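Coordinate inspection notes
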Amino acid sequence: VVLGGALLAARVPLAPFLRQCREPVLIAFATTSSAAAMPTMLAAMRAYGVKETVLGVVAPLGLSFNLAGSTLHL
């Protein structure tokens, strides 16, 4: 719900975005690892049109925060 609201506020078209996110989300869910979905997610976001400079910083940073949160939880 929060992600959908943020995407609408940023005027991101939801249908194409969700189509691009489907495969990485399924890989992350099936393997229970966001790191396994990283290459697929990077390729999907490049295909969606995200700039390489943004993608090179935001995606690895998000993965690092996710891993740190998982470590704290364990």
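Described below are features of the structure shown in this document. (Residues numbered from 1 in each chain as written. Predicted model: local features only at pLDDT ≥ 70, side-chain atom pairs only at ≥ 80, totals over all residues. Heavy atoms only, no water.)

Quick look at the overall build of the chain now. Along its length, the chain carries four helices and zero strands. Along the chain, from the amino end to the carboxyl end, the secondary structure elements read α-α-α-α. Each principal axis of the C-alpha distribution contributes one length, and for the chain these read about 35 × 25 × 25 Å. A burial count over the chain gives 15% of its 74 residues as buried. Long-range pairs, those at least 24 residues apart, make up 40% of the contacts in the chain between residues at least 6 apart in sequence. With the model as given, the accessible surface of the chain reaches about 5,500 Å², and the carbon-plus-sulfur share is 71%. (Helix = DSSP H or I, 4+ residues; strand = E, 2+ residues; numbered from the N terminus. Buried < 20%, exposed > 50% of the residue type's maximum accessible area, 1.4 Å probe, protein only. Contact = heavy atoms within 4.5 Å. Areas by Shrake-Rupley, 256 points an atom, 1.4 Å probe, with all protein chains shown as cover.)

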